[in-house]
Amino acid sequence: MSHNGTTEVVRPARTVRGSVRLPGDKSISHRYAMLAGLAKGTSRFANFSTGADPHSSLSCMEALGATVVKRPDGVIEVTGVGGTFQQPSRDLDCGNSGSTMRMLAGLVAGHKGTYRFIGDASLTKRPMQRIKGPLEQMGAKVELTEGHAPMTVHGGTLKAIEFTAPIASAQVKTAVLFAGLGADGTTTLQEAVRTRDHSEHALRAFGAELERGKDSISIRGGQQLQAIEATVPGDLSSAAFFLCATVLFPDAQLVLDDVGMNPSRSTLLDVLASMGLQVKVLNLEEKHGEMIGTIQVNGAAELKGAEIVGDLPALIIDELPVLAAIGPYTSTGVTIRNAKELRVKESDRIALVVQNLRAMGAEVEEFEDGLHVPGNQKLRGGVVDSADDHRIAMAFAVAALRAEGETTIHGAEAAAISFPEFFPLLNQISER
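Thresholds applied
- Residues numbered from 1 in each chain as written.
- Predicted model: local features only at pLDDT ≥ 70, side-chain atom pairs only at ≥ 80, totals over all residues.
- Heavy atoms only, no water.
- Helix = DSSP H or I, 4+ residues; strand = E, 2+ residues; numbered from the N terminus.
- Contact = heavy atoms within 4.5 Å.
- Buried < 20%, exposed > 50% of the residue type's maximum accessible area, 1.4 Å probe, protein only.
- Pairing = 2+ DSSP bridges.
- Salt bridge = Lys/Arg side-chain N within 4 Å of Asp/Glu carboxyl O.
- Axes fitted to C-alpha atoms, helices over the stretch in contact; angles between N-to-C directions.

Colleague: Summarise the environment of G370; cite the residues concerned and give the values.
Modeller: Along the chain, G370 falls in strand β23 (residues 370-373). Sequence separation of G370 and A351 is 19 residues, and the distance between their C-alpha atoms is 9.1 Å. If we ignore the near neighbours within four places in the chain, the residues touching G370 are I336 and I350.

Colleague: A description of the pairing of strand β8 (residues 141-145) should follow, citing residues and the corresponding values.
Modeller: Burial of β8 is one-sided: the residues V142 and L144 facing one way are buried, the residues K141, E143 and T145 facing the other way are not. The sheet contact formed by β8 and strand β9 (residues 148-155) spans four bridges and is antiparallel. Residue pairing for β9: V142 is matched across the bridge by V153.

Colleague: How would you sum up the pattern of salt bridges? Please name residues and give values.
Modeller: Tallied over the entire structure, the rule returns 33 salt bridges. Residue R71 is joined to E77 by a salt bridge in which the shortest nitrogen-to-oxygen separation is 2.9 Å. Since its relative accessible area comes to 29%, R71 is described here as partly exposed. Taking the shortest distance from any N to any O, the salt bridge between D318 and K345 comes out at 3.8 Å. Of the two residues, D318 is situated in the loop between α9 (312-315) and α10 (320-325) and K345 in the loop between β21 (334-336) and α11 (349-359); the sequence distance between them amounts to 27 residues. Comparing D318 with K345, the two get one shared label, buried.

Colleague: Explain the sheet that holds strand β11 (residues 162-164) to me, and be specific about the residues and the numbers.
Modeller: Taken in spatial order, the four strands line up as β11-β13-β15-β14 in an open sheet, and their pairing is mixed. Because the sheet does not close on itself, it has two edges, and the strands there are β11 and β14 (210-212). Between one strand axis and the next, the sheet turns through 15 degrees on average, direction left out of account.

By themselves, these observations are geometric and do not establish any function.
Laid out in structure tokens, this is it:
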């Protein structure tokens, strides 16, 4: 157990009330940073994610020749290289960000040169083999260290391929589409389960043309990207924690302003609505292909359980830890299966959720590909270890709101990876 870093003590709440403006969507911020770095001209982004991960993407783009200016008003300006990356004089340090490493590998693969990717201890354990396959089929050379980072990509002239994604992964899809942008011919990717489509929207926003088939997406190589101006929508994965906090209390009321409502992400709202969350979406609009709306939510009169199986886990993979963490408070429990991918995230999230629920006195059954948390249980305050995983730290802060007694969260600073403002905001909406 790692007990370095900061601890947060979360006290039980009577209810939650108020309004929250969320940091910019992490997934969209990553993609905008990378494409702006390659594009011609200067892009400007308001409400860019405050999380550490997308800032790793920005610093990698600087190493590749882009200019990044962080203005005092919070707007990020990225002046791109106009289509050709320079050979970096240093390693591309992706920090804790698997998104940066996997997607950027695809983007640099079509550019002559040698690109060495490194990351922190947690990122160095995450699987990179999944992008090596398609990138090498296209003609790049990818060297891994026992299947992991450090990773070296030898880029050059790529040829288009037809690729069938072996796993549902938006990052693998993006790596292939980004590589396709630099390839000769038209690259087509088939996916059995449709993954989040932020990359398609972002590519189109920057001027690329893509074709969507029933289960496929195609991109023609050699297209030039142009700079854009955009406001990044609020992050729905960050909203998940506040939505789950709201569902815990029958009289809770919360308004979330300007949240990204991309249909490939808003499955979470359907799941929470089925558990009893009352959801109203106000003033929905579209910007650069992304839907943005204000969500008004009220707590559940009766908090029902959920069965998250089949294709569903892939659609809400990041939200599974917090859904499991509130499982004990539901009437029928929460079951998650077909979610083996959770074991190779920033941590083994299945094992950690199980360990921390037990530390708070819950019964829970662990499977290789998920877990079952029986309902109608009481949690008591306990000591929770985030193992430096941001989503674990935040998931158990939410569970702690209805526990009996205080909960101490070790490694709470991990929340800053995606959401530095999380603990102050949670405290602000919690009525005690």
